[in-house]
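So the chains spell out like this:
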Amino acid sequence: MAKRQIRLSTDEVLRKTCKPVKEITANTLTLLEDMAETMYDANGVGLAAPQVGILKRIVVIDIGEGLVELINPVIVETKGLQIDYEGCLSVPGTSARVERPAYVKVEALDRNGVPIVVEGEELMAVALCHELDHLDGVLYIDKALPEEEEEE
């Protein structure tokens, strides 16, 4: 395993659409391991392949409940709404309020090519949406809500 460099928001690779993984190879497995190591080293809860310069539809997430690896993930169901602050390893030192579904259901492949379903609420729903947005060249700052005026 090796830690990879996290691309910052000014890097054009983060604005590109990722290609589906056609075949899970040894390189795919190495990428999954490197992404997890990179995410943990940076104290993140998720990381998408374009954040390490790879235009493949691969994400890793760990909200404190164990590592989730997703290959070719697709959101198949959402419910409800939540608004909370988000940050991003590719946009360090910032956060903004973003509206996301309160519940998300994703279909993907695991590292063995087996179809899986991952469901998430609250932080996991946010992480799933946030990381899958990266696969389509979208950053959370693109969806940031205007700050509310402070009441006096």
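It should be noted that the structure appears before, not after, this text.
Quantities reported herein were computed from a predicted structural model and do not represent experimental measurements. (Residues numbered from 1 in each chain as written. Predicted model: local features only at pLDDT ≥ 70, side-chain atom pairs only at ≥ 80, totals over all residues. Heavy atoms only, no water.)

Colleague: Report on the pairing of strand S6 (residues 103-109), specifying residues and quantitative values.
Modeller: Two elements, strand S3 (residues 68-79) and S6, share six bridges in a ladder whose sense is antiparallel. Paired with Ile71 across the strands is Leu109, a residue of S6. The pairing of S6 with strand S7 (residues 115-121) spans seven bridges and is classified as antiparallel. Paired with Leu109 across the two strands is Pro115, which belongs to S7. Between the end of S6 and the start of S7, which pair antiparallel, lie five residues, with Gly113 showing a positive phi angle near 80°. (Pairing = 2+ DSSP bridges. Helix = DSSP H or I, 4+ residues; strand = E, 2+ residues; numbered from the N terminus.)

Colleague: So what's going on with the pairing of strand S2 (residues 58-61)? Which residues, and what values?
Modeller: Burial along S2 is two-sided: the face carrying Ile58 and Val60 and the face carrying Val59 and Ile61 are both buried. Sheet analysis places S2 next to S3, joined by four bridges and oriented antiparallel. Considered in S3, the bridge of Val60 is made with Glu69. Between S2 and S3, which pair antiparallel in sequence order, lie six residues; one of them, Gly64, sits at a positive phi of approximately 105°. (Buried < 20%, exposed > 50% of the residue type's maximum accessible area, 1.4 Å probe, protein only.)

Colleague: Outline the environment of Thr78, listing residues and values.
Modeller: Locating Thr78 in the fold gives a position in strand S3. The exposure class assigned to Thr78 is partly exposed, which follows from its relative accessible area of 43%. Each C-alpha atom, one on Thr78 and one on Leu47, is 21 Å from the other, the two residues being 31 residues apart in sequence. Excluding residues within four positions of it along the chain, Thr78 makes contact with Pro101, Tyr103 and Val104. (Contact = heavy atoms within 4.5 Å.)

Colleague: I'd like a rundown of the nonpolar core, residues and numbers included.
Modeller: In this structure, Val59, Leu70, Val104, Val106, Leu128 and Leu135 are the most contacted members of the largest nonpolar core, which totals 16 residues. Elements that contribute at least two residues to this core include exactly S2, S6 and helix H2 (123-134). Per-element tally for this core: the top contributor is H2, with six residues. If we ignore the near neighbours within four places in the chain, the residues touching Leu128 are Ile61, Leu70, Val104, Val106, Val118 and Gly120. With eleven residues, the next largest nonpolar core counts Leu31, Val52, Ile58 and Val60 among its residues. (Core = buried A, V, L, I, M, F, W, Y, C linked by side-chain atoms within 4.5 Å.)

Colleague: A description of the pattern of salt bridges should follow, citing residues and the corresponding values.
Modeller: According to the stated counting rule, one finds eleven salt bridges in the structure shown. Residues Arg15 and Asp142 are paired through a salt bridge, measuring 2.4 Å at the closest nitrogen-oxygen approach. Within this pair, whereas Arg15 is found in the segment before helix H1 (26-41), its partner Asp142 is found in the segment after H2, the two being separated by 127 residues in sequence. The network of salt bridges with shared partners includes Glu86, Arg100, Asp133 and Lys143. (Salt bridge = Lys/Arg side-chain N within 4 Å of Asp/Glu carboxyl O.)

Colleague: With reference to specific residues and values, describe unusual backbone geometry.
Modeller: At Asn43, a residue that is not glycine, the phi angle is positive and equals roughly 60°. Tracing the sequence through the fold places Asn43 in the loop between H1 and strand S1 (46-48). Phi angles above zero are rare outside glycine, and Asn72 is one such case at about 55°. Tracing the backbone shows Asn72 in strand S3.

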